[in-house]
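Residue-level structural notes
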Amino acid sequence: MWPTLLSLLSFGFCVSLRIWKPVGEYEKPSLSAWPSAMVPIGQTVTLRCQSDFRLKRFRLFKSDGTSLPELQGYHINNFTLGPVTRKHAGSYTCCGDYWDPHSDPLQIVVTGVFTKPSISAHPGPLVQEGRNVTLRCHSPLFDKFILHQGNSPGHFQRHRETFTGGHAAADFFIGPMTSGSVGTYRCYGSLSRSPYELSAPSDPMDIIITGLSKKPSLSAQGGPVMKPGESVTLICSSKHTFDQFHLQRKGKNLGRLLAGGRDPRGAVQAAFPLGPGTPAHSGVYRCYGSFNHSPYAWSDPSDPLLLSVTGCTTSTCPSTMDPHTTEEARLPQGHSSQLHLLLRLSVAFIYTSILLALLLYVAIMEGEPKEDRTLKSEDSPEEDVIYTPLDHRTLSERLYTPTPLSPMHLSADPSIYEEFDEIQDHAEP
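Residues numbered from 1 in each chain as written. Predicted model: local features only at pLDDT ≥ 70, side-chain atom pairs only at ≥ 80, totals over all residues. Heavy atoms only, no water.

Topic: the overall build of the protein chain
Within the protein chain, the secondary structure is distributed over five helices and 26 strands. Across the 429 residues of the protein chain, 33% fall into the buried class. Pairs at least 24 apart in sequence give 65% of the contacts found in the protein chain among residues at least 6 apart. (Helix = DSSP H or I, 4+ residues; strand = E, 2+ residues; numbered from the N terminus. Buried < 20%, exposed > 50% of the residue type's maximum accessible area, 1.4 Å probe, protein only. Contact = heavy atoms within 4.5 Å.)

Printed below as a string of structure tokens:
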């Protein structure tokens, strides 16, 4: 109770003395934080109260939030807070030696109180000059998001903030893209009931402007088509004296290299070794050039390079000793599909032939008179067997008399006829 009362009396004393002094004789001091007013939980921050006069002793006050007993009394030059906890978050002011008014409030924000949100760039982190990009911060925990721009978490400048009013994603629109819009972005989440307590920073998102210089060229050492196991090295070169080159695949950064030697034409170049080739290396690659004095400003992209690693290695091909490996599995895809087609056509032909033979037999049997048929009963004795003379002329006429056949039912599988037509088309000269 007494430290709080003493703090209030000191605050009133500093202000009350100010009204007895001539206006403008004493300027209010300034309060700053080093290295930053955003302090990760567990670290320290130094508060510095300064004035135009030689201010050596000052009082430090916490105007809202939890009161801190260690702030009571005079401090010389600087005062170090920490290791900070949630109770250190709040607004601070400082007062000089009896006569100075209070400084403007300084907000000390403690980060890392909650888990980090996620950040993404749409349509992507590489933005052409004059285009727009949207940075999206998302987490189901928070109703407020703060976007910061800077190169390190300790030296961020507050860029924008938005209150979603609910647990929804926050979109920050940046553009048209200029050299001042580039850099590393992170977002923080917070709750409206505790504005000085933030989450841990999201993963960094580098926003890069492209198109500020002419494109380099990209080539593959040994050619863009290679066999598995061969060394894959991509060469990025340019007549411009870029300090470094960046290799990309599907928008993903595969690394950067300082410009090395020069090719026979005098262009600077950098070699990106990707290791022994595998089918996973196949894809479209591009490279960019940049300068050290503007690392977030890249050139136009190179023409796309389609790298193809064909064939298979011992780990991806089926073993010839595997009992489950069939001849069909070792055939190319085109031969395998043709084999399936021939087998299906053969089966269809066999079934059709059998059906035609059965229909022909039934037609012959139905056309003969009953008296011409030879019958043999199981219960009749051998002597009751009746032999009928065979009339070759009558049989010949009946065999060659056309008999209407029953209609055939076509297969319900259309693929048989489509594949058959396809084979016929390929067979025609």
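That covers the picture; the talk isn't over yet.
Focus on the environment of Arg193
Secondary-structure assignment places Arg193 in the loop between strand E15 (183–191) and strand E16 (194–199). Since its relative accessible area comes to 71%, Arg193 is described here as exposed. In this structure the C-alpha to C-alpha distance between Arg193 and Asp143, which are 50 residues apart in sequence, comes to 9.9 Å.

Some details on the pattern of salt bridges
Enumeration over the complete set of coordinates arrives at six salt bridges. Linking Asp104 and Lys28 is a salt bridge whose minimum nitrogen-to-oxygen distance equals 2.5 Å. Taken together, the residues Asp104 in the loop between strand E7 (90–95) and strand E8 (106–114) and Lys28 in the loop between helix H1 (2–18) and strand E1 (30–34) connect sequence positions 76 residues apart. Here Lys28 falls in the partly exposed class, since its relative accessible area comes to 42%. Taking the shortest distance from any N to any O, the salt bridge between Asp203 and Lys116 comes out at 2.7 Å. Within this pair, whereas Asp203 is found in the loop between E16 and strand E17 (205–210), its partner Lys116 is found in the loop between E8 and strand E9 (118–122), the two being separated by 87 residues in sequence. We classify Asp203 as partly exposed; its relative accessible area is 46%. (Salt bridge = Lys/Arg side-chain N within 4 Å of Asp/Glu carboxyl O.)

Focus on the side chain of His75
If you trace the backbone, His75 turns up in strand E5 (residues 74–76). Given a relative accessible area of 7%, His75 falls into the buried group. Only 3.4 Å separates the side chain of His75 from the backbone oxygen of Gly73, close enough to count as a polar contact. If sequence neighbours within four positions are ignored, His75 has contacts with Lys56, Arg57, Phe58, Arg59, Leu60 and Glu70. (Polar contact = N/O pair within 3.5 Å; in protein donor to acceptor, adjacent residues only side chain to side chain.)

Some remarks on the confidence of the model for the protein chain
Averaged over all residues, the pLDDT of the protein chain equals 76, while 68% of them reach at least 70. Counting contacts from residues 319–334, a segment whose pLDDT is below 50, to residues more than four positions away or on other chains yields seven contacts. Low pLDDT, under 50, characterises residues 370–429; the stretch is placed with 27 contacts to residues that sit more than four places away or in other chains. (pLDDT = per-residue confidence, 0-100.)

Observations concerning the environment of Ala37
Structurally, Ala37 is set in the loop between E1 and strand E2 (38–40). Given a relative accessible area of 23%, Ala37 falls into the partly exposed group. Taking the C-alpha atoms as reference points, Ala37 and Gln107, 70 residues apart in sequence, are found 6.7 Å from one another.

Concerning unusual backbone geometry
Residue Pro83 is reached from Gly82 by a cis peptide bond, and omega for that bond is 0°. With omega at 5°, the peptide bond leading from His122 into Pro123 counts as cis. A positive phi angle, near 65°, is found at Asn77, a position not held by glycine. By relative accessible area, Asn77 is classed as partly exposed at 39%. Residue Lys250 is not a glycine yet carries a positive backbone phi of 55°. Mapped onto the secondary structure, Lys250 falls in the loop between strand E21 (244–249) and strand E22 (252–258).

Let's talk about the sheet that holds E9
In space, the three strands of this open sheet follow the order E9-E11-E14, with antiparallel pairing throughout. Unpaired on one side and paired on the other, E9 and strand E14 (170–174) mark the two borders of the sheet. The mean angle between the axes of side-by-side strands here comes to 20°, regardless of whether they run parallel or antiparallel. Direction of pairing for E9 relative to strand E11 (residues 133–138): antiparallel, over a ladder of five bridges. Bridge pairing in E11 places Ile119 opposite Cys137. (Pairing = 2+ DSSP bridges. Axes fitted to C-alpha atoms, helices over the stretch in contact; angles between N-to-C directions.)

Side note on the nonpolar core
In this structure, Leu31, Leu47, Leu60, Leu81 and Tyr92 are the most contacted members of the largest nonpolar core, which totals 26 residues. Of all the secondary-structure elements, those providing two or more residues to this core are E1, E2, strand E3 (45–50), strand E4 (57–62), strand E6 (78–81), E7, E8 and E16. For this core, the leading source of residues is E8, giving five residues. Setting aside anything within four residues of it in sequence, one finds Tyr92 in contact with Leu31, Leu47, Leu60, Phe61, Lys62, Leu68, Leu71, Leu81, Asp104, Pro105, Leu106 and Ile108. Grouped together as the second largest cluster of nonpolar side chains are 21 residues, Phe142, Ile174, Val182 and Ile207 included. (Core = buried A, V, L, I, M, F, W, Y, C linked by side-chain atoms within 4.5 Å.)

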